[in-house]
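Next come the chains, spelled out residue by residue.
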Amino acid sequence: MSVKVQEVSKLYGKQKALDNLSFEINQGEIVGFLGPNGAGKSTMMKIIAGYIPQTSGLVEVNGLDVSTDSLEIRKQIGYLPENNPLYQEMYVKEYLDHVASIYKLGKNKAKRIAEMIDLTGLGVEQNKKIASLSKGYRQRVGIAQALIHDPKVLILDEPTTGLDPNQLLEIRKLIQDIGREKTVMLSTHIMQEVEACCKRVLIVNKGKLVADRSIDFLAANKSAQRIDVEFSSEVSADLLQEINGVVEIDALGENRYCFVSKTDIRKEVFQFAVSKNLVILEMKTRSENLEDIFHQLTL
Ligand code: ADP
């Protein structure tokens, strides 16, 4: 597992920015980290990247504890902070050279810088001052610096904020390409970004994790039906999988389940319940996409 966050809280003075957050990110996953402003996204990412300490809880990256192995972890993590603070007066290549020196890339340095310039499409701009670049190209420099030491895990804090639609598409494509080889955690408040780039989404609100869903689950919902069913007593999810046409089952707690299917399976659910002597107290359909889920969970 690449990132493990266990019961993490963060206090800024009396203010609780993170409240007992737990999640895991597996190797090779691209995970979207969604939440309204002030939800705690940047705080969580800074902690994972080893830039600030958590108040309590455990954070591990590739099995290393961020509290005690912060230096080693920085070698394994690439981090693009929010607002991408860059040395404006430096030239693109000079800046990447500077970052590469910090990571002590040695004789690989020149080759690695050239590779990053190529990967992020900075070729034409490589001899310009950072201050003179457009926002989209500055983001590319930010991503290039985050990747220069070939980290296994990439933490990108709002990488597409302020980009125009064309730049947005280009940076998203770049993130998708990078995600083929690396574990990526990406914060954003743009739903389409998560749908375009990520395999999974974590939603935070007021410092708490309020959802952890696979994008396949959400995609299934778009073209499919969603039915909430409440039974009168406990039923195992394994048993419910036997119902014809069920794509996925989400346990909602208190004997309630959500069934996702490609067609209307209310009849099948009802007949199944009768055949197994299960009593249905309530059954209702609903449509749901990522935006609906986000609004419901972050009000
Ligand atoms: P997000 O990235 O989701 O917008 P942040 O992690 O930046 O959220 O902030 C979470 C909460 O912590 C906010 O209420 C914010 O005001 C507060 N906060 C963030 N950084 C600091 C800080 N350095 N000092 C005090 N409060 C902070």
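Our structure is the block above this text.
What comes next is a walk through the structure. This one's a predicted model, so the numbers in the text were calculated from it and none came from an experiment. Sequence order as written defines residue numbering, which begins from 1 separately in each chain. Confidence filtering applies because this is a predicted model: local features only for residues at pLDDT of at least 70, side-chain atom pairs given and counted only at 80 or more, and all residues used for totals across whole chains, interfaces and linings. Values reported for side chains reflect all heavy atoms of the structure, with hydrogen atoms and water molecules removed beforehand.

Some points on the site of the ligand
Okay, so step 1: The immediate surroundings of the ligand are formed by Tyr12, Gln15, Ala17, Pro36, Asn37, Gly38, Ala39, Gly40, Lys41, Ser42 and Thr43.
Okay, so step 2: At 2.7 Å from an oxygen atom of the ligand is found a main-chain nitrogen or oxygen belonging to Gly38.
Okay, so step 3: Pairing of N or O atoms within 3.5 Å defines a polar contact, subject to two protein rules: one partner must be a possible hydrogen donor and the other a possible acceptor, and residues neighboring in sequence count only if both atoms are side-chain atoms. Within the contact set of the ligand, an oxygen atom lies 2.9 Å away from a side-chain nitrogen or oxygen of Lys41.
Okay, so step 4: Counting from the N terminus, the helices are DSSP H or I runs at least four residues long and the strands are E runs at least two residues long. Where the shell around the ligand is concerned, the elements lending two or more residues are β2 (15–25) and α1 (41–48).
Okay, so step 5: Broken down by class, the residue content of the shell around the ligand amounts to four nonpolar, six polar and one charged. We call a residue near a molecule or strand when any one of its heavy atoms sits within 4 Å of it. Under the scheme applied here, ten amino acids are nonpolar (Ala, Val, Leu, Ile, Met, Phe, Trp, Tyr, Cys and Pro), four are charged (Asp, Glu, Lys and Arg), and all others, including Gly, are polar.

Side note on the sheet that holds strand β14 (residues 280–286)
Okay, so step 1: Here a strand pair is declared whenever DSSP counts at least two bridges between the two strands. Taken in spatial order, the four strands of this open sheet run β12-β13-β11-β14, and their pairing is antiparallel. Pairing within the sheet leaves two strands with one partner each, and these edge strands are β12 (246–253) and β14. Strand-to-strand twist of the sheet, defined as the mean angle between neighbouring strand axes without regard to direction, takes the value 20°.
Okay, so step 2: Helix α10 (residues 266–275) rests against β11 (225–231), β13 (256–261) and β14 of the sheet, and its axis sits at about 165° to β14. Axis lines are fitted through C-alpha atoms, for helices just across the contact stretch, and the angle between N-to-C directions can take any value from 0 to 180 degrees. The contact criterion used is simple: two residues touch if any of their non-hydrogen atoms lie within 4.5 Å.

Focus: the packing of aromatic side chains
Okay, so step 1: Aromatic pairs are defined between Phe, Tyr and Trp rings, using the six-membered ring for Trp, whenever the two ring centres lie within 6.5 Å; interplanar angles under 30 degrees are classed as stacked, those over 60 as edge-to-face, and all others as tilted. Within this structure, the stated rule accounts for four aromatic pairs.
Okay, so step 2: Each ring, one from Phe23 and one from Phe33, has its centre 5.9 Å from the other, and the planes form 45°; the classification is tilted. Taken together, the residues Phe23 in strand β2 and Phe33 in strand β3 (residues 30–34) connect sequence positions ten residues apart.
Okay, so step 3: Only protein chains enter the accessibility calculation, which uses a 1.4 Å probe; a residue whose area is less than 20% of its type maximum is buried, one above 50% is exposed, and one in between is partly exposed. Here Phe23 falls in the buried class, since its relative accessible area comes to 4%.
Okay, so step 4: The exposure class assigned to Phe33 is buried, which follows from its relative accessible area of 0%.
Okay, so step 5: Directly above the aromatic system of Tyr51 lies the positively charged group of Arg74, at a separation of 4.4 Å from the ring centroid.
Okay, so step 6: By the criterion adopted, a ring carries a charge over it if an Arg CZ or a Lys NZ lies within 6 Å of its centre and within 35 degrees of its normal. One Lys or Arg, Arg140, reaches over the ring of Tyr137 and ends 4.8 Å from the middle of that ring.

Any functional reading would require information that these geometric values do not contain.
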